[in-house]
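Structural features, examined
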Amino acid sequence: MSNEYPVIPYNSKLSGETDQPLERQLVDLERLEEFGYMRVVHHAGERGYHIKLVLNERDAISLFVWNTKVFQGQNTLARSYGVIAIEEIEVDEGEGGRLIAEGQYMLSKGILELVVEKSYDESVVRPCRCSYRLKLKRVYEYMSPKHGHSTRPEYFLIAIKYARDTRRWLGRSP
């Protein structure tokens, strides 16, 4: 399988069954150049939120945050669950999932911009625009009861606090 997306070079320390190839788990978000539609989803039983970044008609990236700082322009930590099937951006309300917000994103040159256009739960996120510099913290390996052997990059999201027209700066708009 050829790599459609840039991959973090990493030698796995654990082994075991997994539901996702390593090159799809280790997509390098600092080198990925994409923009498009996004959704913020809360899955039942989880203490955080998944930011689902749509890549194309087949794929999306799932970025997990443990708190709402990401929607307030504050530094935070995020775990990438890598490339997922586009169908996984859907919310299973029957299992307690909730769609929190929708909008656009841009990912270029290690900068992530999130534009929340519509909020369905303003106690979590209001319409906003936040920009972050991504910095790889570590690659975390563990055995997940749901996904098996998991190798997940974790990123510091460092808020870009100065005023700048990010669309012009990145040279394109969502």
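Our structure's up above, just so we're on the same page.
Residues numbered from 1 in each chain as written. Predicted model: local features only at pLDDT ≥ 70, side-chain atom pairs only at ≥ 80, totals over all residues. Heavy atoms only, no water.

1. Points about the overall build of the chain
As a reminder, the rule being used: Secondary structure follows DSSP: runs of H or I at least 4 residues long count as helices, runs of E at least 2 residues long count as strands, and numbering of each begins at the N terminus. Using C-alpha atoms as the atom set, the radius of gyration is obtained and then compared with a globule rule of 2.2 Å times the number of residues to the power 0.38. What makes two residues a contact is simply this: any of their non-hydrogen atoms within 4.5 Å. Under the convention used here, a 1.4 Å probe and the Shrake-Rupley method define accessible areas, while residue burial counts only the protein chains that appear.
Across its full length, the chain holds 2 helices and 8 strands. Across the chain, helices and strands are ordered from the amino to the carboxyl terminus as α-β-β-β-β-β-β-β-β-α. Over its C-alpha trace the chain gives a radius of gyration of 16 Å, about what one expects of a compact globule, namely 16 Å for 174 residues. On the principal axes, the C-alpha backbone points of the chain span a range of 45 × 35 × 30 Å. Sequence-distant contacts, at least 24 apart, represent 56% of the contacts inside the chain between residues at least 6 apart. Accessible surface computed for the chain: about 9000 Å², of which carbon and sulfur atoms make up 48%.

2. Quick look at the pattern of salt bridges
This is how the line gets drawn: Salt bridges are counted wherever a side-chain nitrogen of Lys or Arg sits within 4 Å of a carboxyl oxygen of Asp or Glu.
With the rule as written, the count across this model stands at 12 salt bridges. Across the salt bridge formed by E154 and R79, the nearest N and O atoms sit 2.5 Å from each other. Note that E154 is positioned in strand β8 (residues 148-159) and R79 in strand β4 (residues 76-85), a separation of 75 residues in sequence. Three or more residues are tied together by salt bridges with common partners; here these are E4, R24, E57, R58 and D59.

3. Things to note about the layout of surface pockets
Spelled out, the test is: With a 1 Å grid laid over protein atoms only, a set of points is called a cavity when a 1.4 Å probe fits there but cannot get out and a pocket when it is open yet has protein on both sides within 12 Å along at least five of seven lines; lining residues have an atom within 4 Å of a point. Grid points are joined across faces, edges and corners, and a volume is the space filled by probe spheres set on the points. Residue polarity follows a fixed list, in which Ala, Val, Leu, Ile, Met, Phe, Trp, Tyr, Cys and Pro are nonpolar, Asp, Glu, Lys and Arg are charged, and the others, Gly among them, are polar.
Quantified by volume, the largest pocket comes out at close to 810 Å³. Lining the largest pocket are 31 residues, with H43, E46, H50, K146 and H147 positioned closest to its centre. Secondary-structure elements contributing two or more residues to the lining of the largest pocket are β2 (49-54), β3 (59-65), β4 and β7 (128-144). In the lining of the largest pocket, the residues fall into 10 nonpolar, 9 polar and 12 charged.

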